[in-house]
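Results of the structural survey
If you want the building blocks of each chain, they are given just below.
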Amino acid sequence: MVTAVKEKTVARNDLDPALIVRAYRVMLLSRATEDKLASLYRAGMIKGGVFLGKGQEALSTASSIFLKKGDIYKASYTGKYCSGCETFLTERDMDDEGKCLIHQAAPDLEEEENYFFKLSRYQEPLKQHIEANPGFIQPEVRRQEALKMLEELADISVSRSTEAVSWGIPVPDDQSQPIYVWIDALSNYITGVGYQHDEKTFNTYWPADYHIIGKDILRFHAIYWPAFLLSAGLPV
């Protein structure tokens, strides 16, 4: 099980990362299945692993893969940014009043020069994979929702300027741009199990058997994440 907590939350509250991991694990276990999983944990059959901050060298290495593949480019962009979603919104992400459908707040209009991931390059490969593998996204209503998202697929910003974000690790060879959500958070799914630094462990645990998410973050996990994997040449 790979879980995450925002690095800025840890820093803002002066928290011990080790305590965060223990508390977060207990919370997940109790919510998921208070009986079976919690008993397995107490019996020692489920064990804690390592705490991986986003500043780990592995993330920088993983990001370099996308750069070498030619899927990362730098461009100026003006868009509506939702701090809750930590992403720029499209028209379909907002209601008639221009508010985020999830957070019910108006996004901020921002203009920056950022690095972008060529998500549009993977529009057809993703569509083919989802259609050929009905069990890839469940339930069916979410699979259809993901296919609908693929009808209009734009490239996505994967960095912010240091003026906008003061924390995070820099884009390789560019100290002015920290790598930012979602490429950093999602990459932890593979760096957390050894990608680029522990081949034996990585080959043991990847590809994953299940990926359990909430419906509000379907776009990031059912569209962005498989595209990142395809870019890196990894199985989805």
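Source: prediction; values computed, not measured.

Thoughts on the overall build of the protein
- Check the secondary structure of the protein and you find 9 helices and 6 strands.
- For the protein, with 236 residues in total, the buried portion stands at 37%.
- Considering only residue pairs separated by 6 or more positions, the protein has 65% of its internal contacts joining residues 24 or more positions apart.

Observations concerning the sheet that holds strand S2 (residues 87–89)
- Here 4 strands make up an open sheet; going across it, the order is S2-S1-S3-S4 and the pairing antiparallel. Among the strands making up the open sheet, the edge pair consists of S2 and strand S4 (156–157).
- For strand S3 (residues 108–117) and S4, the ladder comprises 2 bridges, and the chain directions are antiparallel. Residue pairing for S4: Phe116 is matched across the bridge by Ser157.
- The sheet contacts of helix H9 (residues 218–232) involve S2, S3 and S4, and relative to S3 the element is tilted by about 30 degrees.

Describing the pattern of salt bridges
- The full count for this structure, using the stated rule, is 12 salt bridges.
- Residue Asp93 pairs with Arg219 through a salt bridge whose shortest N-O separation is 3.0 Å. With Asp93 in the loop between S2 and S3 and Arg219 in helix H9, this residue pair connects regions lying 126 residues apart in the sequence. With respect to burial, Asp93 and Arg219 carry one shared label: buried.
- Residues Arg142 and Glu145 are paired through a salt bridge, measuring 2.7 Å at the closest nitrogen-oxygen approach. Of this pair, Arg142 and Glu145 both sit in helix H6 (residues 140–149), 3 residues apart, which is roughly one turn of the helix.
- Each member of the salt-bridge network shares a partner with another, and the members are Glu110, Glu112 and Arg160.

Quick word on the environment of Leu153
- Note on placement: Leu153 falls in the loop between H6 and S4.
- The class of Leu153 is buried, set by a relative accessible area of 12%.
- The spatial distance from the C-alpha of Leu153 to the C-alpha of Lys118 is 9.8 Å, given a sequence separation of 35 residues.
- Discounting chain neighbours no more than four positions away, the residues touching Leu153 are Leu119, Ser120, Gln123 and Ile223.

Comments concerning the state of the cysteines
- If you walk through the whole model with that rule in mind, you get 0 disulfides.
- Here Cys82 is not disulfide-linked; the sulfur of Cys85 is the nearest cysteine sulfur, at 3.8 Å.
- No disulfide involves Cys85; its nearest neighbouring cysteine sulfur is the one of Cys100, lying 3.7 Å away.

Description of the pairing of strand S6 (residues 174–178)
- Two strands pair when backbone bridges link them, and strand S5 (residues 170–171) and S6 are joined in this way by 2 bridges, in the antiparallel orientation. From the neighbouring strand, Pro170 faces S6, where its bridge partner is Pro178.
- Turn length for the S5-S6 hairpin, with the two strands adjacent in sequence and antiparallel, is 2 residues, and the turn residue Asp173 shows positive phi of about 70 degrees.

Looking at the pairing of strand S1 (residues 72–82)
- Where S1 meets S3, 10 bridges bridge the pair, whose relative direction is antiparallel. The residue of S3 that forms the bridge with Ala75 is Asn114.
- Sheet topology places S1 next to S2; 3 bridges connect them, and they run antiparallel. The residue of S2 that forms the bridge with Lys80 is Leu89.

Regarding H6
- Turning to H6, its buried residues are Arg143, Ala146, Leu147 and Met149. Down the axis of H6, the smallest arc covering the buried residues is 155 degrees, so these residues share one side.
- Elements in contact with the buried residues of H6: helix H5 (123–132) and H9.

Scoring rules and cut-offs
- Residues numbered from 1 in each chain as written.
- Predicted model: local features only at pLDDT ≥ 70, side-chain atom pairs only at ≥ 80, totals over all residues.
- Heavy atoms only, no water.
- Helix = DSSP H or I, 4+ residues; strand = E, 2+ residues; numbered from the N terminus.
- Buried < 20%, exposed > 50% of the residue type's maximum accessible area, 1.4 Å probe, protein only.
- Contact = heavy atoms within 4.5 Å.
- Pairing = 2+ DSSP bridges.
- Axes fitted to C-alpha atoms, helices over the stretch in contact; angles between N-to-C directions.
- Salt bridge = Lys/Arg side-chain N within 4 Å of Asp/Glu carboxyl O.
- Disulfide = S-S within 2.5 Å.
- Arc of directions from axis to C-beta.

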